[in-house]
Amino acid sequence: MLKTESGGLNPRAFAKIDIEQACNQNCSFCIAKQTLWLTHNELEGSRMPIENIQKLLEELSTRNIRHVVFSGGEPTLRKDLPQVLSLARDFGFVDIGVETNAVMLSHGELVAELKDAGLTNTFVSFHSHREEVFSKVTGCSGGELKKAKAGIRNLLDNEISV
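These notes cover the structure that comes with them. Bear in mind that the values here come from a model prediction, so they are computed numbers and not experimental data.

## Quick look at the pattern of salt bridges
With the rule as written, the count across this model stands at 8 salt bridges. With a closest N to O distance of 2.6 Å, E59 and R63 form a salt bridge. You can call E59 partly exposed: its relative accessible area is 38%. With its nearest N and O atoms 3.0 Å apart, the salt bridge here joins E132 to R130. R130 gets classed as partly exposed once you look at its relative accessible area, which sits at 43%.

Following this line, the structure appears as structure tokens:
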């Protein structure tokens, strides 16, 4: 609900922007996948251009929306994600989140960079702590569960809400 009973903007209103179609997992239930599932080799053209993100953030900021979530696919596949988060911070967003599977966040330096750019919280899609279930649901094996766990630990170590 964007408006309160008195007609003002709900202070909890947030925008969710899908900035990336590609993903590094192949979850059987994924809505994003129902349209198109891309691999690392097909990344170009599968993401929203930074200029479009900037325009959206500018428009949202004029509507006094201060909470934004970046989603996809997997937003952490974008090399320019820190720049995207910085744009949100520069437009006055105070709550800046990312929906992620946390695999790419197993690199601690990336988490620190995202925090410096303005990341305040994450929603982690974590489907099981058991390797066989995790692999079946995500279509991944070969250490992806360990990477996701490490990514979550890195977020917590950097005091980013999970």
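## Side note on the pairing of strand β4 (residues 121-124)
Sheet topology note: the strand β3 (residues 95-100)/β4 ladder contains 4 bridges and is parallel. Pairing of G97 across the sheet is with N121, part of β4. Once you follow β3 into helix α4 (residues 108-117) and on to β4, the crossover reads as right-handed.

## Considering the nonpolar core
Of all hydrophobic cores here, the largest spans 29 residues; its most connected members are L57, V68, F70, L85 and F93. Top contributing element to this core by residue count: helix α3 (residues 81-90), with 5 residues. In contact with F93, not counting residues within four places along its chain, are L57, L60, S61, I65, R66, H67, V68 and A88.

## Here's the deal with α3
Most of α3 sits inside the fold, with 7 of its 10 residues counted as buried. Among all positions in α3, only L81, P82, V84, L85, S86, L87 and A88 are buried. Next to the buried residues of α3 lie β1 (14-20), α2 (50-62), β2 (67-72), β3 and α4. Once α3 finishes, G92 follows within two positions and takes phi at roughly 95°, a positive value.

## Points about the packing of aromatic side chains
Both the distance between ring centres and the angle between the ring planes are used here to describe each pair of aromatic rings. This structure, assessed with the given rule, holds 1 aromatic pair. Between the aromatic rings of F126 and F134, the centroid separation amounts to 6.1 Å while the plane-to-plane angle is 45°, which identifies the pairing as tilted. Among the residues examined, F126 registers a relative accessible area of 30% and is labelled partly exposed. The exposure class assigned to F134 is buried, which follows from its relative accessible area of 1%.

## Here's the deal with the side chain of T100
For T100, the location among the structural elements is in strand β3. Polar contacts involving the side chain of T100 include one to the side chain of E74, which spans 2.6 Å. Sequence-distant contacts of T100, that is, excluding residues within four places in its chain, are made with E74, T76, L105, T122, F123, V124 and S125.

## Thoughts on the sheet that holds β3
Here 4 strands make up an open sheet; going across it, the order is β1-β2-β3-β4 and the pairing parallel. The sheet is open, and its two borders are formed by β1 and β4, each paired with just one other strand. Strand-to-strand twist in this sheet, taken as the mean axis angle between neighbours without regard to direction, amounts to 25°. Judged from the 6 bridges that link them, β1 and β2 form a sheet pairing that is parallel. Each bridged residue has a counterpart across the sheet, and for I17 the counterpart in β2 is F70.

Rules used in this analysis
- Residues numbered from 1 in each chain as written.
- Predicted model: local features only at pLDDT ≥ 70, side-chain atom pairs only at ≥ 80, totals over all residues.
- Heavy atoms only, no water.
- Salt bridge = Lys/Arg side-chain N within 4 Å of Asp/Glu carboxyl O.
- Buried < 20%, exposed > 50% of the residue type's maximum accessible area, 1.4 Å probe, protein only.
- Pairing = 2+ DSSP bridges.
- Helix = DSSP H or I, 4+ residues; strand = E, 2+ residues; numbered from the N terminus.
- Right-handed = clockwise from strand over helix to strand, strands pointing away.
- Core = buried A, V, L, I, M, F, W, Y, C linked by side-chain atoms within 4.5 Å.
- Contact = heavy atoms within 4.5 Å.
- Phe/Tyr/Trp six-rings, centres within 6.5 Å; stacked < 30°, edge-to-face > 60°.
- Polar contact = N/O pair within 3.5 Å; in protein donor to acceptor, adjacent residues only side chain to side chain.
- Axes fitted to C-alpha atoms, helices over the stretch in contact; angles between N-to-C directions.

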